[in-house]
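Here is what each chain is made of, one letter per residue.
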Amino acid sequence: MMPPQISILETDNSAPGATAAEKRDMERWVFAVTLILVFIMAARTPLDSDLWWHLRSGEVTWTSRQILLTDVFSYTRAGAAWVNHSWLGQVVLYGLYRVGSYLAISACVAGVATLALGLLARTMEGPAILRSFLLVLATSVAALAWPARPQIFSFLLIALVGSILYRYKWEQVDRLSWLIPIFILWSNLHGGYVLGLLWIGMVIAGELLNHLLGYTGEEILSFQKIFRLAFFGLIAGFAVLLNPNGIQTWLIPFQTVGVNALQNLISEWASPDFHQFVQLPFLAVIILTIFCIGTSGRRLDGSDFTLLAGFMALGLVARRNFGPFALAAIPVLSRHLWPAIQLWVSRVQPILQEYGLLRKISWSRPTSIRPAVKRWVNLGVLLFLGISAAIKVVGVSLPGVVERYENEIFPAKAVTWVQEHHPQGTLFNSYDWGGYLIWRLRDYPVFVDGRTDLYNDEIISQWIQVMNARPGWEHVLDRWGVHLVMVPPDWPINSILPRSGWSVLYQDQQAVVYGR
Amino acid sequence: MKLIPNLALRFILPRLGDILMIGILIGVVGMGPRLLNVDGDLGRHLTLGHFIIDRGQIPTQDLFSHTMQGQPLTPHEWLAEVAYALAYRWSGLDGVVLLCALVLVITFYLLYRLILRLTGQVLLSLGFCIAAMAASTLHWLARPHLFTLLLVVVWLWGMEITRTGKRHPLVWMPVVMLIWANLHGAFIAGFVIWFAYGIGAIWSTWLSRSSPDPLPAGFFTTWLGTGILSFLFSLINPVGIHLWGTSLGYLQNSYLVGHTAEYLSPDFHQVSTWPFLGMVMLSLLLLGLGRPKLQAHWVFLVAGWTGLALMSVRNVPLYALVSAPALASGASGWISDRATDPPYLRLERRLLRMERYLLGYFWPVIMMLLIGFLLYRGANLDMMQKGNRFDPNVFPVEAVDWLADHPQDGEMFNYFPWGGYLLYRSWPEKKVFIDGQTDFYGEQLTRQYEQGLTASEGWELVLNSYKVGWVLMPPGAPLSQTLTSHPEWQRVYHDATADIYSRNR
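Given the structure is predicted, the values throughout are model-derived calculations rather than measurements. (Residues numbered from 1 in each chain as written. Chains lettered and ligands numbered in written order. Predicted model: local features only at pLDDT ≥ 70, side-chain atom pairs only at ≥ 80, totals over all residues. Heavy atoms only, no water.)

Chemist: What is the right way to read the environment of Leu37(A) from this model?
Modeler: All names here are of chain A. Relative to the helices and strands, Leu-37 resides in helix H1 (residues 20-42). Accessibility expressed as a relative area gives 35% for Leu-37, which makes it partly exposed. Sequence separation between Leu-37 and Thr-139 is 102 residues, and the spatial gap between their C-alpha atoms is 9.7 Å. (Helix = DSSP H or I, 4+ residues; strand = E, 2+ residues; numbered from the N terminus. Buried < 20%, exposed > 50% of the residue type's maximum accessible area, 1.4 Å probe, protein only.)

Chemist: In this structure, what is going on with the environment of Pro169(B)? I would like to understand it.
Modeler: Residue and element names in this part refer to chain B. Tracing the sequence through the fold places Pro-169 in helix H8 (residues 169-183). Assessed through its relative accessible area of 0%, Pro-169 is described here as buried. Along the sequence, Pro-169 and Gly-225 sit 56 residues apart, while their C-alpha atoms lie 9.8 Å from each other. Once you skip the residues sitting within four places of it in the chain, Pro-169 turns out to touch Gly-158, Ile-161, Thr-162, Pro-174 and Thr-226. (Contact = heavy atoms within 4.5 Å.)

Chemist: Before we go on, may I ask you to explain the pattern of salt bridges in this structure?
Modeler: Think of it this way: side chains of opposite charge can pair up when their charged atoms draw near. Residues and elements named next belong to chain B. As enumerated under the stated definition, the model contains 32 salt bridges over all chains in all. A salt bridge links Arg-143 to Glu-262, with the shortest nitrogen-to-oxygen separation between them at 2.8 Å. Within this pair, whereas Arg-143 is found in the loop between helix H6 (122-136) and helix H7 (145-163), its partner Glu-262 is found in the loop between helix H12 (254-258) and helix H13 (274-288), the two being separated by 119 residues in sequence. Judged by its relative accessible area of 13%, Glu-262 is buried. Among the salt bridges present, the one from Glu-262 reaches Arg-314, with a minimum N-O distance of 2.4 Å. Pair noted here: Glu-262 is in the loop between H12 and H13 and Arg-314 is in the loop between helix H14 (296-311) and helix H15 (316-338), with a separation of 52 residues, a long-range link. Here the two residues Glu-262 and Arg-314 agree in accessibility, since each one is buried. (Salt bridge = Lys/Arg side-chain N within 4 Å of Asp/Glu carboxyl O.)

Chemist: Please clarify how the side chain of His336(A) should be interpreted in this entry.
Modeler: All names here are of chain A. Tracing the backbone through its elements, the reader meets His-336 in helix H13 (residues 322-354). We classify His-336 as buried; its relative accessible area is 2%. Excluding residues that lie within four positions of it along the chain, His-336 makes contacts with Cys-292, Ile-293, Ser-296, Arg-298, Arg-299 and Leu-300.

Chemist: Explanation requested: the packing of aromatic side chains in the structure shown.
Modeler: Two descriptors summarise a pair of aromatic rings, namely the distance from one centre to the other and the angle between the planes of the rings. Summed over all chains, the structure comprises 60 aromatic pairs over all chains. Geometrically, the ring pair formed by Phe390(B) and Tyr421(B) is edge-to-face, given 5.3 Å between the ring centres and 75° between the ring planes. Of the two residues, Phe390(B) sits in the loop between helix H17 (362-376) and helix H18 (397-405) while Tyr421(B) sits in helix H19 (residues 419-426), which places them 31 residues apart along the sequence. For the pair Phe390(B) and Tyr421(B), one class covers both residues: buried. Grouped by ring-pair contacts, the aromatic residues Trp52(A), Tyr97(A), Tyr102(A), Phe410(A), Tyr436(A) and Trp439(A) constitute a single cluster. Directly above the aromatic system of Trp170(A) lies the positively charged group of Arg335(A), at a separation of 4.5 Å from the ring centroid. For Arg451(A), the ring lying beneath its charged end belongs to Trp82(A), and the centroid distance is 4.8 Å. (Phe/Tyr/Trp six-rings, centres within 6.5 Å; stacked < 30°, edge-to-face > 60°. Lys NZ or Arg CZ within 6 Å of the ring centre and 35° of its normal.)

Chemist: I'm lost on the interface of chain A and chain B in this one. Help?
Modeler: It is common to report an interface's size as the accessible area lost on association of the parts. At the interface, 46 residues of chain A touch 42 residues of chain B. Across the chain A/chain B interface, buried area totals approximately 3,800 Å², and carbon plus sulfur atoms make up 69% of it. Run the count over chain A and chain B and you get zero salt bridges. If you look at where chain A meets chain B, you find ten residue pairs in polar contact (both at pLDDT 80 or more). Among the elements of the structure, helix H7 (193-212), helix H11 (280-295), helix H12 (302-317), H13 and helix H20 (493-496) of chain A are those that each provide at least two residues to the side of chain A that touches chain B. Broken down by element, the residue count for the side of chain A that touches chain B peaks at nine residues, all from H11(A). A class-by-class count of the residues in the side of chain A that touches chain B yields 31 nonpolar, nine polar and six charged. (Buried area = accessible area lost by both parts, 1.4 Å probe. Polar contact = N/O pair within 3.5 Å; in protein donor to acceptor, adjacent residues only side chain to side chain. Nonpolar A, V, L, I, M, F, W, Y, C, P; charged D, E, K, R; others polar.)

Chemist: Explain the sheet that holds strand E3 (residues 503-507) of chain A to me, please; I cannot follow it from the model alone.
Modeler: Residue and element names in this part refer to chain A. Strand order in the open sheet formed by four strands is E1-E2-E4-E3, and the pairing between neighbours is mixed. Of all the strands in the sheet, the pair left with one neighbour each is strand E1 (426-429) and E3. Each strand axis lies, on average, 25° off the axis of its neighbour in the sheet, ignoring direction. Sheet analysis places E3 next to strand E4 (residues 512-515), joined by four bridges and oriented antiparallel. In the sheet register, Tyr-506 faces E4, and the bridge partner there is Val-513. Packed on one face of the sheet, helix H16 (residues 412-421) meets strand E2 (482-487), E3 and E4 and runs near 115° to E3. (Pairing = 2+ DSSP bridges. Axes fitted to C-alpha atoms, helices over the stretch in contact; angles between N-to-C directions.)

Chemist: What exactly am I supposed to notice about H7(B) here?
Modeler: Turn by turn, an α-helix covers 3.6 residues, leaving residues three or four places apart pointing in a common direction. All names here are of chain B. With 19 residues, H7 ought to run about 27 Å at 1.5 Å a step, and its terminal C-alpha atoms sit 27 Å apart, in line with that. Burial analysis of H7 places 19 of its 19 residues in the buried class, which makes it a mostly covered element. Just past H7, the residue Gly-165 takes up positive phi, approximately 100°. (Expected span 1.5 Å × (residues − 1).)

Chemist: What exactly am I supposed to notice about the packing of H6(B) against H15(B) here?
Modeler: Helix-helix packing: each pair is described by the crossing angle between the helix axes and the interaxial distance. Residues and elements named next belong to chain B. Following both chains from N to C, one finds H6 and H15 inclined at 155°, their axes separated by 9 Å at the closest point. The orientation of H6 relative to H15 falls into the category roughly antiparallel. Considering the relative orientation of H6 and H15, their crossing is right-handed. Contacts from Leu-124, Phe-128, Ala-132, Ala-135 and Ser-136 of H6 reach H15 at Val-316, Pro-317, Ala-320, Ala-324, Leu-327, Ala-328, Ala-331, Ser-332 and Ile-335. (Parallel < 35°, antiparallel > 145°, perpendicular 65-115°, else oblique. Left-handed = near helix turned anticlockwise from the far one by under 90°.)

Chemist: So what exactly am I meant to see when it comes to a nonpolar patch on the surface here?
Modeler: All names here are of chain B. Nonpolar side chains collect at one region of the surface, where Leu-7, Phe-11, Ile-12, Phe-362, Trp-363 and Ile-366 lie side by side and expose about 510 Å² of accessible area between them. Mapped onto the nonpolar patch, the elements with two or more residues apiece are helix H1 (7-12) and H17. On the secondary structure map, Ile-366 appears in helix H17. Ile-366 sits in the partly exposed class, given a relative accessible area of 35%. (Patch = residues over 30% accessible without salt bridge, like charges linked within 9 Å, V, L, I, M, F, W, Y side chains within 5 Å. Areas by Shrake-Rupley, 256 points an atom, 1.4 Å probe, with all protein chains shown as cover.)

The structure is reproduced here in structure tokens:
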């Protein structure tokens with residue numbers, strides 16, 4: 001008996017003869033399942049080292065009803081002006097903390113990340129199952145840059161700007177006026193608004209490239225449309241000034257990037273290390289995209305090129321840009337992966353059939369399952385995954401879980417000891433712990449914390465000098481009148497302090513506290 | 001039509017390729033001190049090369065360290081070490097720099113000729129050759145891997161000739177592999193390229209709707225034969241199949257890979273990596289410019305080497321050499337497709353006719369002889385006029401001078417990057433704790449070294465267990481800081497580059 005004819009190029013997995021509504025329902029179900037999976041992947045214990053000083057800043061702003069714009073947490077920069085570009089994000093996070101503690105923060109981070117990927121899905125091509133696969137791939141790339149801090153809002157807003165520009169270019173739907181309120185909100189939530197402006201700039205450059213290359217097509221923006229986009233981009237660039245920091249808002253991204261210590265000290269500002277397994281998805285996307293562009297037979301659109309190349313370069317310079325890279329690259333990959341797959345399959349299928357290697361199992365074989373039963377099964381799967389997501393987000397936020405991770409990552413027990421014994425003196429602390437100490441040790445101002453733009457190279461280089469016991473470390477401690485030191489036990493300073501008039505006051509696996 | 005009837009003029013007038021060669025020669029000689037001082041392994045290679053020449057035997061056991069003495073050693077670079085030692089015997093470190101310059105000149109001239117063969121466009125070939133040079137300079141060091149750069153281009157030539165249906169690469173490519181396997185451990189790159197051509201051919205033949213350049217009959221036979229014979233020839237080396245184990249085994253040790261700078265991913269905060277980044281970005285554009293699409297093997301090579309180069313910075317030069325012909329082919333196809341006869345292509349045709357008509361090589365040979373003579377006579381031809389020497393600000397030159405007059409008791413604990421230099425200056429009288437050959441020293445000893453260097457808990461035990469009597473370290477190293485205030489040790493020598501600490505007796 002001849003096997004039924006099939007096509008493994010079928011773009012949907014619904015039954016033949018299914019109505020458009022049924023196909024749409026199936027697509028929605030696939031996306032719902034994928035986004036719940038993304039939520040599950042994104043729900044993590046909120047323990048970013050910077051979360052704590054953001055929470056404390058949010059608390060100060062919340063309780064004083066005044067936006068915090070001077071440093072009140074350190075003794076090295078006490079009273080200095082601080083460009084607090086994330087004040088609104090801090091207030092939101094603190095508000096969540098007040099309402100639902102760590103659970104609310106975890107749920108917010110996972111929800112925001114999922115929402116961003118939902119917007120991303122809207123800008124991709126190919127069948128639902130392929131887009132779902134790419135969403136999971138995007139998650140594995142971007143998840144590295146989903147911290148529990150205001151940066152997560154930038155991730156969502158980049159996706160939103162990307163979605164607006166996608167619709168403007170590929171679907172001829174003009175929502176450019178939305179950019180202005182988005183950028184006003186953005187510049188108060190987080191300093192990452194500059195990535196949104198870059199996105200606009202790259203699309204403009206890409207469309208000009210399209211004209212330069214003589215490309216034609218409905219998706220190529222006319223000069224009039226490019227001008228309109230540039231106009232709204234310019235307005236958005238000025239709109240970001242509507243925040244408490246005024247003109248400093250423009251300068252702070254450059255000041256932050258200009259801190260040399262960032263790239264040496266803070267892993268998220270360093271280039272990727274592809275010997276670490278978690279960073280390999282980024283590399284995989286680059287290789288796969290190059291391969292698909294080279295073999296798909298589809299020309300690369302100018303805007304796709306500028307967005308892909310630009311955000312790839314940003315991601316290769318600093319890991320914190322993995323998220324924006326995923327948002328820029330995955331839609332481009334989808335536009336080339338699907339034609340490439342169609343091309344390959346159209347060649348492989350006849351060969352396999354010729355040699356009898358292809359089992360003729362149809363994806364579109366009529367099913368005997370009644371629609372009502374199918375609907376209930378689908379709903380059941382969604383319900384099961386929804387409950388799993390809820391369990392995950394609650395599970396990672398349980399006080400016991402948070403405390404366990406806190407003890408593993410931060411000097412939780414050393415802080416408790418200090419709170420109980422109140423040793424006197426100014427405290428020198430590890431950079432990574434600054435935020436945590438700001439949150440928990442409120443009577444002890446810190447030497448340094450994650451606000452690198454506030455401390456800049458001057459203070460951070462002193463910190464490095466002390467931690468590595470480089471010549472002159474004693475002068476740094478003397479200059480700031482330090483009488484207490486709290487550092488991890490594996491830094492070189494630990495081999496010097498005990499022979500230099502310092503005694504160990506407290507010690508555990510995470511931290512050593514020295515007193516003079 | 002003859003452009004220049006005079007045969008002598010055809011010799012004397014330089015081609016663009018000749019100008020490229022002269023430019024590379026002057027550039028490499030001008031950066032001679034950088035070639036010698038950025039990496040610390042040259043001293044070891046020279047020492048080993050001298051040993052092989054003097055004794056007429058290739059050592060397969062360690063002779064240089066007191067920590068691993070007598071342990072089995074894979075001499076995977078012995079032939080290159082002999083070449084460097086011979087160059088050194090001719091004219092000291094000047095000779096080493098000149099050898100490096102010669103290798104790089106031939107490498108990039110062959111690359112230029114390969115791109116020209118693929119594209120037929122002189123300016124385009126020059127442009128991509130210069131781009132490849134810019135991307136690869138970050139790893140231009142006086143080390144055996146320079147021979148790998150040359151042989152990668154030779155190998156690409158062989159594979160391209162194979163792809164045209166000729167069979168003679170079946171004879172000479174295995175011989176090239178025999179030399180490569182004895183010159184440098186990265187001979188495996190040849191097999192990666194070979195594999196990409198095979199997969200690309202399969203892809204073009206069976207999986208792609210249309211191939212821009214159909215495969216000739218007998219390609220797969222020649223390709224497979226070349227691979228098998230090359231593999232067999234690669235086994236002809238002092239340790240046979242173990243060479244493969246050494247070359248691949250190192251990559252499986254995450255600790256050693258993570259502690260060897262050249263195996264780390266590129267740091268794009270360094271300006272030297274930007275030409276590489278530019279090439280990767282350009283590859284996106286050129287691969288995506290539309291029809292005619294590149295041949296599949298080029299796509300495989302570009303995608304694969306992009307991944308390898310992003311994994312380890314030492315692969316960046318290989319990426320540049322492999323990608324330049326691919327990207328040039330893409331650009332050439334796109335330019336040709338744009339218009340029937342644009343002015344640019346007319347210019348390229350005129351240049352190509354000139355390039356083929358002139359006989360060339362006259363000026364590069366004259367320049368090579370002149371520079372060789374000047375270096376031999378002791379002229380400083382580097383840009384900073386420092387001369388080709390080991391820099392006292394980088395290596396412990398004065399400390400080793402002092403040691404010659406004040407020998408210390410016991411074994412040495414040395415700063416890892418100085419191991420090669422110390423062998424060059426002090427072997428066989430003194431043996432090192434460790435040097436740059438981490439694939440030989442292994443994880444355990446490297447961890448012990450790190451323990452000592454950082455003065456981490458147990459450092460004294462490490463020094464005691466190896467009967468270390470004196471320590472040679474940079475002044476800022478944590479161990480130096482620790483020893484300065486340690487009652488059992490005293491600083492007996494100090495300069496801006498190095499401290500020497502000796503045990504109190």
